[in-house]
Amino acid sequence: RHIREIVDGTKPDLILIAGDIVYGEFDHDGSALLSFIEFMDSLGIPWAPVFGNHDNECPKGVDWQCEQLEKAEYCLFEQGDVTGNGNYSVGIAQDGKLLRVFYMMDSNGCGEPSAASKGKVKESAGFAQDQIDWYTKQIRYIHHRDSSVKISLSV
């Protein structure tokens, strides 16, 4: 109720969710995540989540979680193809000009990943080298094209 009141009062263009969407260890059947997705989509506003250090602990596995997020109508989530889950970017443009890019990066789980994670999630927190390389390549490309674009990182 409080979140809906805040959204109705502020009318944001984008909502960023900064990790620990659901404490995965206690969401055995994925119903808490599905309820969260349904609520966020009911707001009718684009939203972009990033995995927190406990999201990968769901017995359903992170690939299942990623699939649910990617299927959501207003969710901008993309699993990505480097270590972790949710390594993607969201660009903010006005009048056709890119102003800011939000990089959503999974800092990887603190628990042991499920067998369904395809080995992408590490057993300890922190960024992997391929994530750092991906991020560095991305911001260099953007700043090469337009150095005035602001960069934000959500982990």
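Trainee: Just to check I follow, could you spell out the packing of aromatic side chains for this structure?
Mentor: A ring pair, where both rings are aromatic, is described by two values, the distance of the centres and the angle of the planes. Following the criterion strictly, the structure yields 5 aromatic pairs and no others. With centroids separated by 5.7 Å and ring planes inclined at 85°, the aromatic side chains of F36 and W47 adopt a geometry described as edge-to-face. With a gap of 11 residues between them, F36 in helix α2 (residues 31–42) and W47 in strand β2 (residues 47–50) connect regions that are remote in the sequence. Its relative accessible area of 0% is what places W47 among the buried residues. Seen from their ring centres, F51 and F77 are 5.8 Å apart, and the 40° between their planes marks the pair as tilted.

Trainee: Which parts of the structure should I look at to understand the side chain of N108?
Mentor: Relative to the assigned elements, N108 resides in the loop between β4 (97–104) and α4 (129–145). Polar contacts involving the side chain of N108 include one to the main-chain carbonyl oxygen of G126, which spans 2.6 Å.

Trainee: I tried to follow the state of the cysteines on my own but got confused; where do I start?
Mentor: Note: disulfide means a covalent bond formed between the sulfur atoms of two cysteine side chains. Per the stated rule, a full pass over the model turns up 0 disulfides. Summary of cysteine pairing: C75 is not part of a disulfide, and the nearest cysteine sulfur, belonging to C66, is at 9.9 Å. Of the residues examined, C75 reaches a relative accessible area of 9% and is grouped as buried.

Trainee: What am I meant to see in the environment of W47 here?
Mentor: Remark: the alpha-carbon pair of W47 and I15, spanning 32 residues in sequence, is separated by 4.5 Å. Setting aside residues up to four positions removed in sequence, W47 forms contacts with L14, I15, I17, F36, I37, M40, D41, L69, A72, Y74, C75 and L76. Among the polar contacts made by the side chain of W47, one reaches the side chain of D41 at a distance of 3.0 Å.

About the thresholds
- Residues numbered from 1 in each chain as written.
- Predicted model: local features only at pLDDT ≥ 70, side-chain atom pairs only at ≥ 80, totals over all residues.
- Heavy atoms only, no water.
- Phe/Tyr/Trp six-rings, centres within 6.5 Å; stacked < 30°, edge-to-face > 60°.
- Helix = DSSP H or I, 4+ residues; strand = E, 2+ residues; numbered from the N terminus.
- Buried < 20%, exposed > 50% of the residue type's maximum accessible area, 1.4 Å probe, protein only.
- Polar contact = N/O pair within 3.5 Å; in protein donor to acceptor, adjacent residues only side chain to side chain.
- Disulfide = S-S within 2.5 Å.
- Contact = heavy atoms within 4.5 Å.

So yeah, pure geometry; function would need other evidence.
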